[in-house]
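Structural description and commentary
Residues per chain, in single letters:
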Number of protein chains: 2
Amino acid sequence: MVDHYAVLEKHLVAVDCVIFGYDIRDKELKLLLIRRRFEPELGKWSLPGGFVKKEEGVSEAARRVLYQLTGLKDVYMKQSYAWGDVHRDTGGRVITISHFALINTFELNPVMTEASAAHWRSISRIPELIFDHKKIVERAHYELKEGIKLKPVGFELLPEKFTLVQLQDLYEAIYQRKIDKRNFRKKIISMNLLEKLDEKEKETSKKGAYYYRFIPSKYDDFKRQGFYFSLDVQ
Amino acid sequence: MVDHYAVLEKHLVAVDCVIFGYDIRDKELKLLLIRRRFEPELGKWSLPGGFVKKEEGVSEAARRVLYQLTGLKDVYMKQSYAWGDVHRDTGGRVITISHFALINTFELNPVMTEASAAHWRSISRIPELIFDHKKIVERAHYELKEGIKLKPVGFELLPEKFTLVQLQDLYEAIYQRKIDKRNFRKKIISMNLLEKLDEKEKETSKKGAYYYRFIPSKYDDFKRQGFYFSLDVQ
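Residues numbered from 1 in each chain as written. Chains lettered and ligands numbered in written order. Predicted model: local features only at pLDDT ≥ 70, side-chain atom pairs only at ≥ 80, totals over all residues. Heavy atoms only, no water.

1. Description of unusual backbone geometry
Backbone geometry follows two general trends: most residues other than glycine have a negative phi, and most peptide bonds adopt the trans configuration. Cis geometry is adopted by the peptide bond preceding P40 of chain A, which originates at E39 of chain A and carries an omega value of -10°. Phi is positive for N192 of chain A, which is not a glycine, with a value near 60°. Examined against the element boundaries, N192 of chain A turns out to sit in the loop between α5 (181-190) and β9 (194-201). Its relative accessible area of 44% is what places N192 of chain A among the partly exposed residues. Positioned with a positive phi, F131 of chain B is a non-glycine residue whose angle comes to about 45°. For F131 of chain B, the location among the structural elements is in the loop between β7 (118-122) and α3 (133-150). (Helix = DSSP H or I, 4+ residues; strand = E, 2+ residues; numbered from the N terminus. Buried < 20%, exposed > 50% of the residue type's maximum accessible area, 1.4 Å probe, protein only.)

2. Quick notes on the packing of helix α4 (residues 164-175) of chain B against helix α5 (residues 181-190) of chain B
Residue and element names in this part refer to chain B. The geometry of α4 relative to α5 is characterised by a closest axis approach of 11 Å and an angle of 110° between their N-to-C directions. Relative to α5, the element α4 lies roughly perpendicular. Of the residues in α5, those touching α4 at L164, V165, L167, Q168 and Y171 are K181, F184, R185, I188 and I189. Of the residues assigned to the contact of α4 with α5, the class counts are seven nonpolar, one polar and two charged. (Axes fitted to C-alpha atoms, helices over the stretch in contact; angles between N-to-C directions. Parallel < 35°, antiparallel > 145°, perpendicular 65-115°, else oblique. Contact = heavy atoms within 4.5 Å. Nonpolar A, V, L, I, M, F, W, Y, C, P; charged D, E, K, R; others polar.)

3. So, the relation of the copies chain B and chain A
Expressed as a screw transformation, the operator carrying chain B onto chain A has a rotation angle of 180° and an axial translation of 0.0 Å, and the superposed copies differ by an RMSD of 0.0 Å. What the rotation and shift describe, once combined, is the action of a two-fold rotation axis. The fraction of interface residues of chain B whose copies in chain A are also interface residues reaches 100%, indicating that both copies meet through the same surface. (Least-squares fit on C-alpha atoms with pLDDT ≥ 70 in both.)

4. Structural notes on the packing of aromatic side chains
With the rule as written, the count across this model stands at 15 aromatic pairs over all chains. Here the aromatic rings of Y5 of chain A and F38 of chain B are separated by 6.5 Å at their centres, their planes lie at 80°, and the arrangement is edge-to-face. One end of the pair, Y5 of chain A, is in the segment before β1 (12-23); the other, F38 of chain B, is in the loop between β2 (28-35) and β3 (45-46), on a second chain. Taken together, Y5 of chain A together with F38 and F51 of chain B form an aromatic cluster joined through their ring pairs. For K73 of chain B, the ring lying beneath its charged end belongs to Y67 of chain B, and the centroid distance is 5.0 Å. (Phe/Tyr/Trp six-rings, centres within 6.5 Å; stacked < 30°, edge-to-face > 60°. Lys NZ or Arg CZ within 6 Å of the ring centre and 35° of its normal.)

5. Some thoughts on a positive patch on the surface
All names here are of chain A. On the surface, K181, K196, K200, K202 and K207 cluster together to form a positively charged patch. Mapped onto the fold, K196 is located in strand β9. Since its relative accessible area comes to 49%, K196 is described here as partly exposed. (Patch = residues over 30% accessible without salt bridge, like charges linked within 9 Å, V, L, I, M, F, W, Y side chains within 5 Å. Areas by Shrake-Rupley, 256 points an atom, 1.4 Å probe, with all protein chains shown as cover. Salt bridge = Lys/Arg side-chain N within 4 Å of Asp/Glu carboxyl O. Lys, Arg positive; Asp, Glu negative; His and termini not counted. Charge placed at Lys NZ, Arg CZ, Asp CG, Glu CD.)

6. Topic: the sheet that holds strand β8 (residues 161-162) of chain B
All names here are of chain B. Reading across from one edge, β8-β10-β9 is the order of the three strands in this open sheet, with antiparallel pairing throughout. Among the strands making up the open sheet, the edge pair consists of β8 and β9 (194-201). Both β8 and strand β10 (residues 209-214) contribute to a ladder of two bridges, which runs antiparallel. Considered in β10, the bridge of K161 is made with R213. (Pairing = 2+ DSSP bridges.)

7. Points about the environment of E172 of chain B
All names here are of chain B. Here E172 shows up in helix α4. The exposure class assigned to E172 is buried, which follows from its relative accessible area of 12%. Sequence-wise, E172 and K27 are 145 residues apart; in three dimensions their C-alpha atoms are separated by 8.6 Å. Residues contacting E172, with those up to four places away along its chain left out, are R177, K178 and I179.

8. Observations concerning the confidence of the model for chain A
Residue and element names in this part refer to chain A. Taken over all residues, the pLDDT of chain A has a mean of 90, while the share at 70 or more is 93%. Within chain A, no element has a lower average pLDDT than helix α2 (residues 110-115), which sits at 63, and none a higher one than strand β5 (residues 76-83), at 97. The ipTM for the predicted assembly is 0.91, set against a pTM of 0.92. (pLDDT = per-residue confidence, 0-100.)

9. Points about the domain arrangement of chain A
All names here are of chain A. On domain assignment, one finds that chain A holds domain 1 (12-149) and domain 2 (158-224). The interface is formed by 14 residues belonging to domain 1 together with eleven residues belonging to domain 2. Together, the buried faces of domain 1 and domain 2 total about 1,200 Å²; carbon and sulfur atoms form 65% of this surface. Looking only at domain 1, the three residues that lose the most surface to domain 2 are Y22, I24 and I148, adding up to 46% of its buried area. Summed over the shared surface of domain 1 and domain 2, the result is two salt bridges. (Domains from an automatic or database assignment. Buried area = accessible area lost by both parts, 1.4 Å probe.)

Set out below in structure tokens:
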């Protein structure tokens, strides 16, 4: 390949991953953070990230970082934003492209996160982060909040079967506020995207609550018909 | 500044601008394209773009490209997506960060676009573009369609005063389909964001149609009260 642009200035390009997890027991949205292993800011709290290699696409780099940290491959991941201010990184000029990923924390292999010194921290108690990582997290959190209103991405954070209470708990954890139960149930049921299972969750109440399952193929059908997911809970 | 990352691989980083304009007379959403002035693909249709310089932020670079082409500074511009596939550019590895801008085509200085060989092309008749620029345009167009549903960004494409017919024409031009007039009017009026002026547009009909004006401060007030813009027209 002839390099037509040989004389031009080049830049370091990184990816940073905002990895959200949801622990159905704690009812808290969590963020996977690491202690940085190189200078500058060695040992400080940081988003997991890495530099984009020569023969590696940007999305590939983000998936590599996620895999190295969690051992997970088939994960919901989305590009969030390219952060390009000249002085955002005190170690040199780095343009970073943030991504956010949603994982069910039960899927994580604890050994894996142990080895990489990754830690889950509740979104409401994020420690001080290096550089502009706080802003990066805030943007991803905002996008997640908007996303679960308009797309059925919230289900990525739940196990395959869940109760309606657990689904509402998830929305409340993401929004960090209470939402109206009746209104929420009415909206989610009316969308016809959930299948009620013949099985109850009995750990949290005597009476038990029916499990539900999200049906992606139904959503795909509805989408083709011009239907919009809308769970704009107040 | 100590360069802690000196040994790492660097990349060319560019910005590409998807500049949408709306001509209220043609009732067409348009895109500003240029003939590329360097190799490879010299002379082919391209999005206006440029490489990010050493001491320049990514957003700054996008604003520079827009300014050089149009002479406009205070324009609605938003980052769209970072395109990072290794072989997307045949001239070398370039990661490009696309942005989209909305301008009222009447604001453009024709001399400026003449000099830079920029051309407005209707979104329904885009010529073949270099590299992945078609995908870049499609994504920006999708984001614009989603954006005008949830935020009052459509007004950026209109002159300060406009009739409701003109506003509907704009939405139809962006969606590239007809929308229901009664429903559209009901929704836009009920949001209380427009001020009806004491003046009529009389060029397109004898009876004339009242001009309206969008009031950004009202929108800001409503937003603080937790109100959502929603013009989800079918």
